[in-house]
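Here's the letter readout for the chains.
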Amino acid sequence: YSKTMKNALLFFAALVTSAVLAEWKISSEADDITDEVYYLIATDAAPVEASELACYTPSLCFKIRPQNLTAEGKMRYKCDAIISIDEAFTRGETEIITRFDRAKPTTQSWPTSTSRRAAFAPNGFAFMHSVAGATNLTVRFTTTLGHVRTIKFSVADFKAAMTEVVARYKKTAEKLPAAQ
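Because the structure is predicted, anything quoted here is derived from the model rather than measured.

A.B. asks: An account of the overall build of the protein is needed here, citing residue identities and associated values.
C.D. replies: Scanning the protein from terminus to terminus reveals three helices and twelve strands. Sequence separation of 24 or more characterises 55% of the internal contacts of the protein that already satisfy a separation of 6 or more. When the accessible area of the protein is evaluated, it comes to approximately 10600 Å², of which 53% is carbon and sulfur surface.

A.B. asks: If you had to explain the nonpolar core to someone new, which residues and values would you point to?
C.D. replies: Counting residues in each nonpolar core, the largest one holds 34 residues, and the members touching the most others are Ile41, Leu60, Phe62, Ile64, Phe127, Leu137 and Phe158. Of all the secondary-structure elements, those providing two or more residues to this core are strand E3 (37–42), strand E6 (59–69), strand E7 (75–84), strand E8 (93–100), helix H2 (124–132), strand E11 (136–142), strand E12 (148–154) and helix H3 (158–172).

A.B. asks: A description of H3 should follow, citing residues and the corresponding values.
C.D. replies: In this model, H3 (15 residues) spans 22 Å end to end at C-alpha, consistent with the 21 Å of a helix rising 1.5 Å per residue. For H3, the complete set of buried residues consists of Phe158, Ala161, Met162, Val165 and Tyr169. Buried residues of H3, viewed axially, fall in a sector of 100°; they line one side. Facing away from the buried side of H3, by more than 90 degrees, are the exposed residues Lys159, Ala160, Thr163 and Lys171.

A.B. asks: Give a description of unusual backbone geometry that names residues and reports values.
C.D. replies: Here Asp101, not a glycine, exhibits a phi torsion of approximately 50°, which is positive. With respect to the element layout, Asp101 can be found in the loop between E8 and strand E9 (106–111). One non-glycine residue, Arg116, adopts positive backbone phi at about 65°. Within the element layout of this structure, Arg116 appears in the loop between E9 and strand E10 (118–120).

A.B. asks: Break down H2 for me, citing the residues and quoting the values.
C.D. replies: For H2, the full list of buried residues reads Gly124, Phe127, Met128, Val131 and Ala132. Down the axis of H2, the sector holding all buried residues measures 140°, keeping them to one side.

A.B. asks: A description of the side chain of Thr94 should follow, citing residues and the corresponding values.
C.D. replies: Following the sequence through the fold, Thr94 ends up in strand E8. Sequence-distant contacts of Thr94, that is, excluding residues within four places in its chain, are made with Phe89, Gln108, Ser109, Trp110, Thr112, Ala119 and Thr142.

Reading the values: the criteria
- Residues numbered from 1 in each chain as written.
- Predicted model: local features only at pLDDT ≥ 70, side-chain atom pairs only at ≥ 80, totals over all residues.
- Heavy atoms only, no water.
- Helix = DSSP H or I, 4+ residues; strand = E, 2+ residues; numbered from the N terminus.
- Contact = heavy atoms within 4.5 Å.
- Areas by Shrake-Rupley, 256 points an atom, 1.4 Å probe, with all protein chains shown as cover.
- Core = buried A, V, L, I, M, F, W, Y, C linked by side-chain atoms within 4.5 Å.
- Buried < 20%, exposed > 50% of the residue type's maximum accessible area, 1.4 Å probe, protein only.
- Expected span 1.5 Å × (residues − 1).
- Arc of directions from axis to C-beta.

Rendered as structure tokens:
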């Protein structure tokens, strides 16, 4: 690209940057078939309008599936990390750039849902731990229509939300056997 084209692309990307101040919501649901309980920790997905060209509702969600409690009382769990938007991601996998606070950005291919409205972190557990250690998360991706989107999430209170999930799980964990 020429220098002028690069500057134009950077200007356009700045126009569509959105800030989402995360107020974490916690809910729990039971699987209709297995009765296994899982927890959702999600940002408020309030509509954000950064410009006339970009009006969409981004959200960041973690699906926590507890497995059991260790003998020390720690919760073992599996985790999915999901970013969803009102536009469509590219089919199959989409390249997502993430940056926690002022750390070096990383680029990964994230699988997308069949509706292409959600993308899943390749390693939800590792992604969740990166979020827990950060104050801000910035993600950038290109939609199926070629729009470059940059979204900022305030993730400062994620540790408190995760602590609440563990507390809720421990209240019901006496029904489950402790891990060996």
